[in-house]
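Coordinates in review
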Amino acid sequence: MSRWGADKVVSKGRELRPFMLMVETTSGQRRDTARAVIDASGTWQTPNPLGVGGLSAEGESEFRDRIGYGIPDVLGRDRDLYAGRTTLVAGAGHSAANALLELANLSESAPDTSAIWTTRSTDLVRIYGGGDADALPARGELGSEVKDLAESGRVRLVTGFATTAIREVGGRLLVDGQTKDGVLTIGPVDRIIAATGQRPDLVLTRELRLDLDPWLESVKALGPLIDPNEHSCGDVPPHGHRELSHPEPGFYTVGIKSYGRAPTFLLLTGYEQVRSVAAAIAGDMAAADAVQLVLPETGVCTVPASFSGSASKGCCGGPAAEAVDACCVADAQAKEGGKAGCGCSAAA
Ligand SMILES: Cc1cc2nc3c(=O)[nH]c(=O)nc-3n(C[C@H](O)[C@H](O)[C@H](O)COP(=O)(O)OP(=O)(O)OC[C@H]3O[C@@H](n4cnc5c(N)ncnc54)[C@H](O)[C@@H]3O)c2cc1C
């Protein structure tokens, strides 16, 4: 994508030029023009590598054929790759949980199937989730089930493991990782599932003037509201075409790509984003600005100490009313509903 006849550097008359889209088709390449562009290309095709520090681990590309990124179809198309084999699953998100539960399911019909679970973090509170406090019951259940799997010993869990290298010994794989006690080697295993998240493909928009959050690579305005270093509630204030636009007039990023590397995007957010952006492009600014969004919270709202008691609207719905015995709006609502609380805690 570019502006017709103008690369990224050219400023003069930029906004008057249409976008130029280079489109690959089965009958060759085509150049289309467009008045506006909505980038909804997702992040699924650009998974994060297994290696620590965002770079491939040593041996990761060499043994690529034995690594499944994201969530392989363990019970369907990829069954034969995993049945009766030992798989190392890396990651501490819902993708890892899905893969582990499917491997456990597979072991019921293929008994020699086993899994080892490694996480870089030592704190699994986010993946174990809020259980009954999660406003999305299926998400809460996923966390509770994977917790049972690890605590029952059906899956060997190694936390605080940062993958650095993959080696082959006797036709199987050994995986090295840095831990607080030095290098630990796990294996041998037959396959690896790298459920280590996704990142946006920024090559597509290289010739356009985008404003992105420096580390999340999300649209800039959303960065501070969804930063996983600070938020785990799954909540985000209503937002629309204004937050999703860029210095490049007529260009918008929507969907999971608008969240960049942040892991908490929900379809509900995307529907409202797209409605607002479509209204703005159609010139109906009243509809475009009337954004409404109430998201189901995770029930595990970890707020950094610097946020506690602040007027932040980005997490847990902001602070609770002063007269209420609760740390935030989500906590007050949970208590009103007869629960012990939302699970909020101030991070050390
Ligand atoms: C494992 C996982 C589970 C999730 N589960 C849920 C859930 O249960 N509920 C929920 O609300 N959200 C869930 N999400 C979050 C999110 O809602 C989904 O990822 C959702 O699919 C995002 O929609 P999207 O349209 O932004 O991106 P995608 O669904 O990834 O769609 C992007 C599309 O763009 C296409 N594309 C890419 N590049 C180009 C290009 N250059 N030209 C043309 N087309 C291109 C792709 O082929 C794809 O079809 C989940 C996310 C993940 C990763």
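Read on for an overview of the structure. Keep in mind it's a predicted model, so treat the numbers as computed, not measured.

1. As for a nonpolar patch on the surface
Taken together, L267, L268 and Y271 make up a surface patch of nonpolar side chains, about 350 Å² in accessible area. By secondary structure assignment, the location of Y271 is in helix α7 (residues 267–281). Of the residues examined, Y271 reaches a relative accessible area of 56% and is grouped as exposed.

2. Thoughts on the pattern of salt bridges
Within this structure, the stated rule accounts for 13 salt bridges. Where D39 meets K257, a salt bridge forms, and the shortest distance between an N and an O atom there is 2.8 Å. Here D39 is found in strand β4 (residues 37–39), whereas its partner K257 is found in the loop between β13 (251–253) and α7, with 218 residues between them in sequence. Both residues of the pair, D39 and K257, belong to the buried class. In this structure, the salt-bridge partner of D181 is K180, at a minimum N-O distance of 3.6 Å.

3. Digging into the site of the ligand
Close to the ligand lie 14 residues, the nearest being S41, Q45, I256, F265 and L267. In the model, an oxygen atom of the ligand is placed 2.9 Å from a nitrogen or oxygen of the I256 main chain. Taking L267, its main chain carries an N or O atom lying 2.8 Å from an oxygen atom of the ligand. Bound to the protein, the ligand loses 48% of the 980 Å² it would expose on its own. Residue classes in the shell around the ligand are distributed as eight nonpolar, six polar and no charged.

4. A closer look at the packing of helix α2 (residues 94–109) against helix α4 (residues 137–151)
Between two packed helices, both the angle of their axes relative to each other and the distance between the axes serve to describe the pair. Relative to each other, α2 and α4 sit at 60°, their axes nearing to 10 Å. Accordingly, the angle class assigned to the pair α2 and α4 is oblique. Of the two elements, α2 crosses α4, and the hand of that crossing is left-handed. Judged by residue contacts, H94, A97, N98, L100, L101 and A104 of α2 engage R139, L142, E145, V146 and L149 from α4. Of the residues contributing to the contact of α2 with α4, the split by class is seven nonpolar, two polar and two charged.

5. What about the side chain of T86?
Locating T86 in the fold gives a position in strand β6 (residues 86–90). Among all residues touching T86, those that are not within four sequence positions of it are S114, I116, R172, P188, V189, D190 and R191.

6. Notes on the pairing of strand β3 (residues 28–34)
Relative to β3, strand β2 (residues 19–25) is paired through seven bridges, and the arrangement is antiparallel. Within β3, the residue paired with E24 across the bridge is Q29. Connecting β2 to the next strand, β3, in antiparallel fashion are two residues.

7. Let's talk about the nonpolar core
Of all hydrophobic cores here, the largest spans 23 residues; its most connected members are L100 and W117. The set of elements that each furnish at least two residues to this core consists of α2, β7 (114–118), α3 (125–128) and α4. Judged by nonpolar contacts, the second largest core, of 18 residues, contains L222, V254, Y259 and A288.

8. Remarks on the sheet that holds β7
Reading across from one edge, β5-β12-β6-β7-β8 is the order of the five strands in this open sheet, with parallel pairing throughout. Among the strands making up the open sheet, the edge pair consists of β5 (67–69) and β8 (156–158). Across the sheet, the mean angle from the axis of one strand to that of its neighbour is 20°, orientation sign disregarded. Strand direction decides the pairing type here: β7 and β8, joined by three bridges, are parallel. Residue pairing for β8: I116 is matched across the bridge by R156. Against the sheet, α2 touches β6, β7 and β12 (191–194), its axis set at about 160° to β6.

Conventions used here
- Residues numbered from 1 in each chain as written.
- Predicted model: local features only at pLDDT ≥ 70, side-chain atom pairs only at ≥ 80, totals over all residues.
- Heavy atoms only, no water.
- Patch = residues over 30% accessible without salt bridge, like charges linked within 9 Å, V, L, I, M, F, W, Y side chains within 5 Å.
- Areas by Shrake-Rupley, 256 points an atom, 1.4 Å probe, with all protein chains shown as cover.
- Salt bridge = Lys/Arg side-chain N within 4 Å of Asp/Glu carboxyl O.
- Helix = DSSP H or I, 4+ residues; strand = E, 2+ residues; numbered from the N terminus.
- Buried < 20%, exposed > 50% of the residue type's maximum accessible area, 1.4 Å probe, protein only.
- Near = heavy atom within 4 Å.
- Polar contact = N/O pair within 3.5 Å; in protein donor to acceptor, adjacent residues only side chain to side chain.
- Nonpolar A, V, L, I, M, F, W, Y, C, P; charged D, E, K, R; others polar.
- Axes fitted to C-alpha atoms, helices over the stretch in contact; angles between N-to-C directions.
- Parallel < 35°, antiparallel > 145°, perpendicular 65-115°, else oblique.
- Left-handed = near helix turned anticlockwise from the far one by under 90°.
- Contact = heavy atoms within 4.5 Å.
- Pairing = 2+ DSSP bridges.
- Core = buried A, V, L, I, M, F, W, Y, C linked by side-chain atoms within 4.5 Å.

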